[in-house]
Amino acid sequence: MHSKSDDPAVGGGRPPSRFKASGLRSRHLAAHALIAAWAVLALLAASAQQTLPVARWLAIHLFLLGAATTAIVVWSEHFAVAMLHATLPDRRWSNARLAGVNIGVVGVLTGVWADHPVLTGAGCALLVTAIGAHLVVLVRMGRGALGGRLAPIADYYRAAAAALIIGAVLGWLLATGKAGPQHYSGLKLAHAHVTLLGWIGLPVLGTLFMLWPTVLGVRMAERTTRLARRVLVLTGGGLLTAVAGLAADWRPAAVLGIAGYAVGVAVAVQLFARTVRRRPAISAAAAWMLAAAAAWLCVGVVADLVVLAARPLAEAQDDIGSLVPVLLVGLVAQVLIGALTYLLPIVLAGGPKERAALRAVLERWWKPRLAVLNLGVALLALPLPDRVATAGVLLAGAAGAAFLALAVRVLLRSGRGLLHDADQAGAARRPVLWGTAAGAVLIVLAVLVANSGGDTDGPAVAAGTAGAGTGTTRTVAVTLADMRVRPARIEVAAGTDLRLKVTNTNAQRHDLKVEDGPATPMLGKGHTHVLDVGQVTKNREAWCTLPGHRAAGMTLDIVVKDDTATDSTGHEGHTSAAASGAPDLSADFSSGWRPRTADLAPVAGGTVHKAELHAARATVEVAPGVKQQMWTFGGTAPGPTLHGKVGDVFEITLVNDDPSMGHGIDFHAGSLAPDEPMRTIQPGERLVYRFRAEKAGAWLYHCSTAPMLQHMGNGMYGAVIIDPPGLKKVDHEYVLVSSELYLGTPGSTAQVTKMRQDTPDAWVFNGIANQYTQRPLTVKAGDRARFWVVAAGPSDGIAFHIVGTVFDTVYKEGAYLLEPDQAGGSQALDLATAQGGFVETTFPEAGHYAFVDHDMRHAEAGAHGMVEVSD
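Along each chain, residue indices are assigned from 1 in the same order as the chain's sequence is written. Given that this is a predicted model, residues contribute local features only at a pLDDT of at least 70 and side-chain atom pairs are listed and counted only at 80 or more, while totals for whole chains, interfaces and linings are drawn from all residues. Neither water nor hydrogens contribute to the side-chain values; these are computed over all heavy atoms in the structure.

A. Here's a closer look at the overall build of the chain. Helix and strand labels come from DSSP, where a helix needs a run of H or I of at least four residues and a strand needs a run of E of at least two; each type is numbered from the N terminus. Each helix and strand in the chain was counted, giving 19 helices and 27 strands. Remark: exposure states derive from per-residue accessible area (1.4 Å probe, protein chains only) relative to the maximum for the residue type, with buried under 20%, exposed over 50%, and partly exposed in between. Taking all 871 residues of the chain together, the buried fraction comes to 55%. In this description, contact between two residues means that some pair of their heavy atoms is separated by no more than 4.5 Å. Once local pairs closer than 6 in sequence are excluded, the contacts in the chain between residues at least 24 apart make up 74%. Only the protein chains shown count as cover for residues, and the accessible areas themselves come from Shrake-Rupley with a 1.4 Å probe. When the accessible surface of the chain is summed, it comes to about 35700 Å², and 59% of that surface belongs to carbon and sulfur atoms.

B. Focus on the confidence of the model for the chain. Per-residue confidence for the chain gives a mean pLDDT of 82; residues scoring 70 or more make up 83%. Along the chain, pLDDT gives the predictor's confidence residue by residue, from 0 to 100. In the model, residues 1-22 has pLDDT below 50 throughout and makes 51 contacts with residues more than four positions away in sequence or in other chains.

C. Looking closely at the packing of aromatic side chains. Geometry of aromatic contacts follows a simple scheme: Phe, Tyr and Trp rings, the Trp one being its six-membered ring, pair when their centres are within 6.5 Å, and the pair is stacked under 30 degrees between planes, edge-to-face over 60, tilted otherwise. All told, the structure shown has 22 aromatic pairs when counted by the stated rule. Aromatic pair phenylalanine 633 and tyrosine 701: ring centres 5.8 Å apart, planes at 50°, arrangement tilted. One end of the pair, phenylalanine 633, is in strand E10 (residues 626-633); the other, tyrosine 701, is in strand E15 (residues 697-702), with 68 residues separating them in the sequence. The same class applies to phenylalanine 633 and to tyrosine 701, which are both buried. Put simply, the rings of Tyr734, Phe765, Tyr772, Phe787, Phe800, Phe807 and Phe851 touch in pairs and so form one group of aromatic residues. Note that arginine 364 overlies the ring of tryptophan 365, its terminal NZ or CZ placed 5.9 Å from the centroid. When the NZ atom of lysine or the CZ atom of arginine is within 6 Å of a ring's centre and also within 35 degrees of its normal, the charge is said to sit over that ring.

D. How the structure looks around the nonpolar core. Residues belong to one nonpolar core when they are buried, are Ala, Val, Leu, Ile, Met, Phe, Trp, Tyr or Cys, and are joined through side-chain atoms within 4.5 Å. In this structure, Phe63, Leu64 and Phe209 are the most contacted members of the largest nonpolar core, which totals 148 residues. Leave out the neighbours within four places in its chain, and leucine 64 touches Thr69, Leu196, Ile200, Leu328 and Val332.

E. Up close: the sheet that holds E10. Strand order in the open sheet formed by four strands is E10-E9-E12-E14, and the pairing between neighbours is mixed. At either margin of the open sheet sits one strand with a lone partner, and together these are E10 and strand E14 (686-692). Strand-to-strand twist in this sheet, taken as the mean axis angle between neighbours without regard to direction, amounts to 30°. Here, a strand pair is defined by DSSP locating no fewer than two bridges between the strands. Geometry is summarised by axes, namely lines fitted to C-alpha atoms with helices restricted to the contacting stretch, and by angles between N-to-C directions that run from 0 to 180 degrees.

F. The arrangement of the packing of helix H9 (residues 284-310) against helix H12 (residues 366-381) in detail. Close contact between H9 and H12 brings their axes to 10 Å; oriented N to C, the two are set at 10°. When the interaxial angle is binned, H9 and H12 end up roughly parallel. Of H12, the residues touching H9 (which contributes Ala284, Ala285, Trp288, Met289, Ala292 and Trp296) are Trp366, Arg369, Leu370, Asn374, Val377, Ala378 and Ala381. Note that Gly is not counted as nonpolar here; it falls among the polar residues with everything else outside the nonpolar set of Ala, Val, Leu, Ile, Met, Phe, Trp, Tyr, Cys and Pro and the charged set of Asp, Glu, Lys and Arg. Class assignment for the residues of the contact of H9 with H12 results in 11 nonpolar, one polar and one charged. An angle counts as roughly parallel when it lies under 35 degrees, as roughly antiparallel when it exceeds 145, as roughly perpendicular when it falls between 65 and 115, and as oblique in every other case.

G. Quick peek at helix H4 (residues 117-142). One less than the residue count of a helix, multiplied by 1.5 Å, gives the span that helix is expected to have. In a regular helix each residue adds 1.5 Å, so 26 residues correspond to 38 Å; H4 covers 37 Å between its end C-alpha atoms and thus fits that length. All of the buried residues along H4 are Thr120, Gly121, Gly123, Cys124, Leu127, Ala130, Ile131, Gly132, His134, Val137, Leu138 and Met141.

H. Fine view of the pattern of salt bridges. Throughout this description, the term salt bridge denotes a Lys or Arg side-chain nitrogen within 4 Å of a carboxyl oxygen of Asp or Glu. According to the stated counting rule, one finds 16 salt bridges in the structure shown. Residues aspartate 90 and arginine 92 are paired through a salt bridge, measuring 3.2 Å at the closest nitrogen-oxygen approach. Judged by relative accessible area, arginine 92 falls into the exposed class, the value being 64%. Measuring nitrogen to oxygen at the nearest pair gives 3.4 Å for the salt bridge that ties glutamate 676 to arginine 679. Residue classification places glutamate 676 among the exposed residues on the basis of a relative accessible area of 51%. Salt bridges sharing partners connect three or more residues here, namely Glu733, Arg784, Arg786, Asp808 and Glu840.

I. Just the sheet that holds strand E16 (residues 717-723), in detail. Spatial strand order, E11-E16-E15-E13: four strands in an open sheet with mixed pairing. Across the chains shown, the open sheet's two edge strands, defined by having one partner strand only, are strand E11 (642-645) and strand E13 (666-667). Inspection of the sheet shows E11 paired to E16 by four bridges, in the parallel sense. Bridging from a neighbouring strand, glycine 644 pairs with isoleucine 722 of E16.

J. Structural view of the pairing of strand E8 (residues 555-560). The buried fraction of E8 is high, at six of six residues. Side chains Thr555, Asp557 and Val559 project from E8 onto one buried face, and the interleaved Leu556, Ile558 and Val560 project onto a second face that is buried too. The sheet contact formed by strand E3 (residues 489-492) and E8 spans four bridges and is parallel. Looking at the pairing, isoleucine 490 lines up with isoleucine 558 of E8. Bridge analysis of strand E7 (residues 540-543) against E8 gives four bridges, and the strand direction is antiparallel. Pairing of glutamate 541 across the sheet is with aspartate 557, part of E8.

K. Highlighting the environment of alanine 389. Mapping alanine 389 onto the fold places it in helix H13 (residues 386-424). The class for alanine 389 is partly exposed, based on a relative accessible area of 21%. Sequence-wise, alanine 389 and glycine 376 are 13 residues apart; in three dimensions their C-alpha atoms are separated by 8.1 Å. Look past the residues within four positions of alanine 389 in its chain and what remains in contact with it is Leu379 and Leu380.

L. Structural view of the side chain of serine 738. Relative to the elements of secondary structure, serine 738 occurs in strand E17 (residues 732-741). When near neighbours in sequence (up to four residues on either side) are disregarded, serine 738 contacts Val764, Phe765, Val790, Ala791, Ala792, Gly793 and Ile798.

M. Inspection of the side chain of asparagine 656 at higher detail. Locating asparagine 656 in the fold gives a position in strand E12 (residues 649-656). Given the relative accessible area of 2%, asparagine 656 is considered buried. Here a polar contact is taken to be a pair of N or O atoms separated by no more than 3.5 Å, where protein atoms must pair a possible hydrogen donor with a possible acceptor and residues adjacent in sequence count only if both atoms sit in side chains. At a separation of 3.4 Å, a polar atom in the side chain of asparagine 656 contacts the main-chain carbonyl oxygen of glutamine 682. Here asparagine 656 is in contact with Ala615, Met661, Gly662, His663, Ile681, Gln682, Pro683, Gly684 and Glu685, once residues within four sequence places are set aside.

N. Region of the structure containing helix H3 (residues 91-114). The end-to-end C-alpha distance of H3, which contains 24 residues, comes to 34 Å, matching closely the 34 Å that a straight helix rising 1.5 Å per residue would cover. At the N-terminal end of H3, a side-chain oxygen is found 2.8 Å from the backbone nitrogen of arginine 92, two or three residues along, and the residue is aspartate 90.

O. Here's a closer look at the packing of H3 against H4. Running from N to C, H3 and H4 cross one another at 155°; their axes reach a closest spacing of 7 Å. Classified by the angle between their axes, H3 and H4 sit roughly antiparallel to one another. Crossing hand, H3 versus H4: left-handed. Here Arg97, Gly100, Val101, Ile103, Gly104, Val105, Gly107, Val108, Thr110, Gly111 and Val112 of H3 lie close against H4, whose contacting residues are Leu119, Thr120, Gly123, Cys124, Leu126, Leu127, Ala130, Ile131, Ala133, His134 and Val137. Among the residues making up the contact of H3 with H4, the classes are represented as 13 nonpolar, eight polar and one charged. Helix crossings fall into two classes, left-handed where the near helix is turned counterclockwise from the far one by less than a right angle and right-handed where it is turned clockwise.

P. Seen up close, unusual backbone geometry. Cis geometry is adopted by the peptide bond preceding proline 638, which originates at alanine 637 and carries an omega value of 5°. Relative to the assigned elements, proline 638 resides in the loop between E10 and E11. Residue proline 707 follows alanine 706 across a cis peptide bond; omega there is -5°. Tracing the chain through its elements places proline 707 in the loop between E15 and helix H16 (708-713). The phi torsion at glutamate 813 lies on the positive side, around 50°, for a residue other than glycine. Mapped onto the elements, glutamate 813 comes out in the loop between strand E22 (809-812) and strand E23 (815-818). The phi dihedral of alanine 834 falls on the positive side, at around 75°, and the residue is not glycine. Relative to the helices and strands, alanine 834 resides in the loop between strand E24 (829-831) and strand E25 (836-842).

Following this line, the structure appears as structure tokens:
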């Protein structure tokens, strides 16, 4: 058992004397000056929520990636050497790894802050490389080392390093938008868990096995080694399972994984509780702070488990996001303060007297600081009004700032002692210390300078644009939801005073920042904020500043009309697509525009159906305000729907009215040798195509001329509906042909590239994006409706779904999969490219029932419509 005056650095004995060498002391001094600088920057960012870009993200990452990561790298190497009784790593390489970590962090933070994805990627790569090297050192340190009963704790540090590498890669995907909006929520949850519970949580747990009894001044329990291994299996394995489940959007795996992690934490805490003895601790301040940190870890993990078990992952994101500040302050900040309160005097002091003096400084006012800090965390954790949560932030920030002030005092005092020793020895002053201090000062100045220029909501901007406008004031309602800003484009006359009434209708928090202009605060669901953009004299962009949201498409273009110098958003082949090429689906269709009817016309009399289709080019409005030249059958894309019964004969005359290109036609509904009827005919030629519909179904027809990708991608497709025998009459019968929409000059390199890469500008029903959203199909409650669906492609299929209904009839590719007299129901009609079928349903009550392609990329990009049901 140790006496209070022993002050061991690690459990079970005095620290190796080599840790007291002046070189290590100066390195610890420099590293902890850096940690303090990161913490100060985090406090600055946290206090600048209204003006600093990505302030909340920046505050969290300045603390976790800057302060906590630097501390973990320094201390995990320090403790690994002690517990493994290993040889000290080469100091130069240790410094290089630490420098790599910090430069990488600077790159990541600056890249996200300034919205430079390349810099973000470079920072991530450097951070991963430095942590990877740290991991290699930890692994090599174990080989050939003497080891000891605490050697298994080094595995916690190795697992944590692997977790940070995974977290950095996920963070890069999120920050650059590479993950895409459909995977954003799952990857963000995985990133938060692997970083908080892995990179931070695992080293904390591992270190507490040794640090907790050391701080208490008691002998370590005999079973510590065995339990430490078991806890790592539970927490590390559970975390790996949870992260995989979250990334794959598989909630059971995520719940199972966090449950395993919680069991591991419970086993460790039970051991820590049994270690407590009724005798004064070596450092009561450190002991209480470490205990409080462990308690908040338990609270956070249990709350996380409950949220994941009770709510779908997409809805759990906000609840878990609210836990981050609790874990950040309650666990990470508090364990950092507690550990440094005990450890800093050990590594910085030159002897027992100086160690006692430094500890006295760090423990000053520790009881009020402990109470204020944990009261602040409690206010953050509880579901209280925003102003109460703000008070919690202020209390926690005050407690953290108080410790920082004491830590800086200790560092300066130790630094003066170090310089005095160096002067006494005739050595040169330490460049590392001065370089680190200068770097920290520069970073602080850079943040302050940038921050002062970030708020351009003042009169300087207004003055810069004064006198150019027409004096008109316009207020536009803007909504934030589903990783989109709606409308995505606003056109104003030059000089218009523009105000944006921004409302977040999403469960996830968003904001909106105008280029060189003001920004909203972070808005919760249902919150509204009015942005006064001022006079608009040039095109500007606005975007959500959360990392990855802009890259995922959460942007708004403010375009000055009739400004030929700046409005360069026109594309070949269409007139008003947004600058990004994606149509603004919330805009209005042109005056006089009419939607294409989705009604299926009854079968005409007789058994022979004759029609004449003209292959011709036509310019049509394919999305709100977007006109595109299409290659058509009969002037529309898709072409006319043909309707008949089994056994009917169709005699179609194809006339090529296209003056510059050959065309053909291929009816999937008939069986015949393709050689003659599907041949290409030249401009001005005619072709009679005769086929008998021997089989029922929803069939595709399309141009048969190569390259068919271009002919179909530009609109040359349509549907043939052949009723199954005995098909019952319903109240409404609709035909919806799904396809991709490629904007641009038909046949141009740019357009063909998009077709080959399957990156359409929109997905559509019956050729026009969102037409049935703005002009809903109408039925009455209780009506029975049949929806024929054909997936025309040319590359993508469809998962047809109607929100709020269940299909009781499903007919796909010539057979019933479900009929009304069966007990089961269906939620989607899945069709691969060139397949067809129908579903039937009854609308139970009045309301608005959206129908979508349930591939949400498609639904959010135009494959969306509405059935308006009235009483």
